[in-house]
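Listed below, chain by chain, are the residues.
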Amino acid sequence: MNFINIIENYCTTNKIAHMYKNSTLTYRELKTKSDSLAINIIDLFGKDKTPIIVFGHKDHLMLISFLACVKSGHPYIPVDISTPITRLKDILIISGAKLIINTSNELFDIPADIILNKSDLKTRLLQAKDKKPNISYRLKGEDVYYIIYTSGSTGKPKGVQITKNCIQSFIDWSITLINKTDKIFMNQAPFSFDLSVMDTYLSLVSGSILYSIDKDMIANLPELFMNFKSSGITTWVSTPSFAEMSLQSEQFNEKLLPELNEMLFCGETLSKECVKKLFERFPKIKLINFYGPTETTVAVTAVEIKKEMLLSKETLPVGYVKKDCEIIIEENTNEILIVGDSVSIGYFADPVLTEKFFFNTEIFGVKRRGYRTGDTGYIINGLLYYEGRIDNQIKLHGYRVEIEDIENNIRKLSFIKNAVVVPIIERGTIKYLATAIVLNDKFEGNIILAVKNFLRNLLPSYMIPRKIKVISVLPMNANGKIDRKKILEEF
Ligand code: AMP
């Protein structure tokens, strides 16, 4: 069944849809407020379908705005407050968005046609109206539903377009894998990260409560755990990094989260050590490892991780592929290709990049979209195992980062001739980034501060290298390429 209709069915009730910092939003409020905002958007833009940027963090207004975009026929672009204004401007220009719905308290000067700030939304736009947005405006089928901007190797973010059909396919599959009890989903990932689609939409289509935690709570474990205590969370959704961070405290156990019965992981390698600790702290827990890139809608494979798997010599599997998709392991390279219904239609307004990573194919006479993931892996008895990358894309604390994105931004500094960023790995996990730079000219002053301050305006903070070292020339390997291994020895 159409997932938007399922969500709307709960909207006649006063069940809680979203909880954030002691504030609640009911399903009824979610409907009336998103209807009202949708009518305002239709009044502004009519049948124009340009994407709309929804900027903010975890406020109820984020969910209200997403649904308002859907009901007024516009794809939404979620942008988190951790994004510097320069990058927001890039997204505005690349996407051609005319409207920014700003749910944060920050006011910014940016050349958008229209900016609706939080105060406008609260005072005027969310007041219930008798009218309902005409259903003919609503996004459907192959319409683009959201666009998520991820790190791009050129130094500019790239917009992954996900259609309504893609999300329908993801929800229809993933909802069958999780427990059927009354639920409270933890939302940890920012809404600009597609992992949040898993908690947000699985929560909404099951009439459950989405319990958001924010970046300040995450930066302060005692505060976070205070919140956990009274949260009643049943379903944990996060990257393994976030679970590992929580596990650093002995308090993170079933006493802290007595209702917790399942944990859903995606986005990076789930290690055996992490799983072992989780089973010790939560002996009755059900753990599911999901795998997939944003380009194929959150995840396309999943498997329940059982204790016996810890004894195998293989790393933990990332799962069996969902019915409407297929995994192809390319000969020679072992690259994982994903074909099927939840593959994106490509990068927004970027035919060259789309051509490079996406392809069309025919399976049993049916046309299908495919995506080259850049991941390598292998399949044993239908189970996919992840090995690594064929390029310089990394996962740092759960965030997807193209190393070249950072390098290209550092090279914008006039006194820098070249820059190479390397991930520093400790016990198999990337801990932080380091950069070797070669100067053009003599630089007077603190070069490290100058580079970091410059990058702060261009990149989210997690992409800013922790260590920076000036070297006289970049080492080359026998093939004449920059020798990244040698550069690592500098740190
Ligand atoms: P993102 O688009 O941010 O979801 O990142 C997608 C990338 O994260 C994939 O291409 C993989 O490299 C990595 N990834 C996702 N899920 C897993 C997993 N379960 N195990 C290992 N790596 C993963």
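What you see is a predicted model, and the numbers here were worked out from it, not measured in a lab.

Calculation rules
Residues numbered from 1 in each chain as written. Predicted model: local features only at pLDDT ≥ 70, side-chain atom pairs only at ≥ 80, totals over all residues. Heavy atoms only, no water. Helix = DSSP H or I, 4+ residues; strand = E, 2+ residues; numbered from the N terminus. Buried < 20%, exposed > 50% of the residue type's maximum accessible area, 1.4 Å probe, protein only. Axes fitted to C-alpha atoms, helices over the stretch in contact; angles between N-to-C directions. Parallel < 35°, antiparallel > 145°, perpendicular 65-115°, else oblique. Left-handed = near helix turned anticlockwise from the far one by under 90°. Contact = heavy atoms within 4.5 Å. Salt bridge = Lys/Arg side-chain N within 4 Å of Asp/Glu carboxyl O. Pairing = 2+ DSSP bridges. Near = heavy atom within 4 Å. Polar contact = N/O pair within 3.5 Å; in protein donor to acceptor, adjacent residues only side chain to side chain. Areas by Shrake-Rupley, 256 points an atom, 1.4 Å probe, with all protein chains shown as cover. Nonpolar A, V, L, I, M, F, W, Y, C, P; charged D, E, K, R; others polar. UniProt positions renumbered as here; feature names shortened; annotations may be inferred. Phe/Tyr/Trp six-rings, centres within 6.5 Å; stacked < 30°, edge-to-face > 60°. Lys NZ or Arg CZ within 6 Å of the ring centre and 35° of its normal. Core = buried A, V, L, I, M, F, W, Y, C linked by side-chain atoms within 4.5 Å.

Visitor: Please set out the environment of Asp172 residue by residue, giving values where relevant.
Guide: The residue Asp172 is located in helix 6 (residues 164–174) in this model. Owing to a relative accessible area of 40%, Asp172 belongs among the partly exposed residues under this scheme. Residues Asp172 and Leu202, spaced 30 residues apart in sequence, show a C-alpha to C-alpha distance of 9.5 Å.

Visitor: Explain the packing of helix 10 (residues 240–247) against helix 11 (residues 272–281) residue by residue, including any values.
Guide: Orientation of helix 10 relative to helix 11, taken along the N-to-C sense of each, is 55°, at an axis distance of 11 Å. With respect to helix 11, the axis of helix 10 lies oblique. The crossing of helix 10 and helix 11 is left-handed. From helix 10, Ala243, Glu244 and Leu247 reach across to helix 11, where they touch Cys274, Lys277, Leu278 and Arg281.

Visitor: Before we move on, could you go through the pattern of salt bridges and cite the residues and values that matter?
Guide: Throughout the structure, instances matching the rule amount to 29 salt bridges. Close ionic contact of Lys49 with Asp143 constitutes a salt bridge, the shortest N to O distance being 3.5 Å. Remark: Asp143 occurs in the loop between helix 5 (118–125) and strand 7 (144–150) and Lys49 occurs in the loop between helix 2 (27–45) and strand 3 (52–56); sequence separation between them is 94 residues. Residue classification places Lys49 among the partly exposed residues on the basis of a relative accessible area of 46%. Of the charged contacts in the structure, one is a salt bridge between Lys118 and Asp59, with a shortest N-O distance of 2.9 Å. Of this pair, Lys118 sits in helix 5 while Asp59 sits in the loop between strand 3 and helix 3 (60–72), placing them 59 residues apart in sequence. Accessibility expressed as a relative area gives 15% for Asp59, which makes it buried.

Visitor: Tell me about the pairing of strand 8 (residues 158–163), and name the residues and values.
Guide: Counting buried residues along strand 8, 6 of its 6 residues qualify, which places the element largely inside the surrounding structure. In strand 8, alternate side chains face the same way, and those of Lys158, Val160 and Ile162 on one face and Gly159, Gln161 and Thr163 on the other are all buried. Here 6 bridges tie strand 7 to strand 8, and the two strands are oriented antiparallel to one another. Directly across from Thr150, in strand 8, lies its bridge partner Lys158.

Visitor: If you had to explain the site of the ligand to someone new, which residues and values would you point to?
Guide: Near the ligand, the surroundings consist of 17 residues, among which Phe290, Thr294, Asp375, Lys395 and Arg400 are the closest. Take Glu268: an N or O atom from its main chain is 3.3 Å from a nitrogen atom of the ligand. The separation between an oxygen atom of the ligand and a polar side-chain atom of Tyr386 is 3.5 Å. The fraction of the free accessible surface of the ligand (490 Å²) that becomes covered by protein chains is 97%. Of all the elements in the fold, those that place two or more residues in the shell around the ligand are strand 13 (286–291) and strand 20 (383–389). Looking at the shell around the ligand residue by residue, the classes come out as 6 nonpolar, 5 polar and 6 charged.

Visitor: Kindly report on the UniProt feature "domain: AMP-binding enzyme C-terminal" (unreviewed entry) in the protein, identifying the contributing residues and their values.
Guide: Per the UniProt annotation, the sites labelled "domain: AMP-binding enzyme C-terminal" (unreviewed entry) are residues 406–481. Along residues 406–481 the backbone is 20% helical and 34% strand, and the end-to-end C-alpha distance reaches 18 Å.

Visitor: Outline the packing of aromatic side chains, listing residues and values.
Guide: Applying the stated rule across the entire model yields 26 aromatic pairs. With a centroid separation of 5.1 Å and 90° between ring planes, the pair formed by Phe55 and Phe108 is classed as edge-to-face. Linking Phe55 in strand 3 with Phe108 in the loop between strand 5 (99–102) and strand 6 (114–116), this pair joins segments that are 53 residues apart in sequence. When sorted by exposure, Phe55 lands in the same class as Phe108, which is buried. With a centroid separation of 5.7 Å and an interplanar angle of 85°, the aromatic rings of Trp173 and Phe290 are classed as edge-to-face. With Trp173 in helix 6 and Phe290 in strand 13, the pair connects residues that are 117 residues apart, well separated along the chain. We note that Trp173, like Phe290, is buried. Through a chain of ring-to-ring contacts, three or more aromatic side chains come together here, namely Phe3, Phe66, Tyr76, Tyr145, Tyr146, Phe191 and Tyr201. The cationic tip of Lys47 hangs over the ring face of Tyr137; the distance from NZ or CZ to the ring centre is 4.3 Å.

Visitor: Outline the nonpolar core, supporting the account with residue identities and numerical values.
Guide: The biggest cluster of nonpolar side chains holds 75 residues, and the ones touching the most others in it are Phe3, Leu37, Tyr76, Tyr145, Tyr146, Met198 and Phe290. Broken down by element, the residue count for this core peaks at 9 residues, all from helix 3. Beyond its immediate stretch of four places on either side in the chain, Phe290 contacts Trp173, Ser174, Leu177, Met198, Leu264, Phe265, Cys266, Gly267, Ala299, Thr301, Ala302 and Val318. Counting residues in each nonpolar core, the second largest holds 35 residues, with Ile218, Phe242, Leu257 and Phe279 among its members.

Visitor: Account for the side chain of Glu335, with residues named and values stated.
Guide: Note on placement: Glu335 falls in strand 17 (residues 335–340). Here the side chain of Glu335 touches Thr373 through a polar contact of 3.5 Å, landing on its backbone nitrogen. Within the structure, Glu335 has its side chain in polar contact with the backbone nitrogen of Gly374 (distance 2.7 Å). When sequence neighbours within four positions are dropped, the list of residues in contact with Glu335 reads Ile328, Ile329, Glu330, Arg372, Thr373, Gly374, Asp375, Thr376 and Ile390.

Visitor: Explain helix 11 to me, using residue names and the numbers behind them.
Guide: Of all the residues in helix 11, the buried ones are Lys272, Cys274, Val275, Leu278, Phe279 and Arg281. Looking at the packing, one finds that the buried side of helix 11 touches helix 10, strand 12 (262–265), strand 13 and strand 14 (301–305).

Visitor: Describe the pairing of strand 14, naming the residues involved and giving the relevant values.
Guide: Most of strand 14 is tucked away, with 4 of its 5 residues classed as buried. Where strand 13 meets strand 14, 5 bridges bridge the pair, whose relative direction is antiparallel. Residue Phe290 lies in a different strand from strand 14, and its bridge partner there is Ala302. Relative to strand 15 (residues 320–321), strand 14 runs antiparallel, the two being bridged by 2 bridges. Counterpart to Thr301 in the pairing with strand 15 is Val321.

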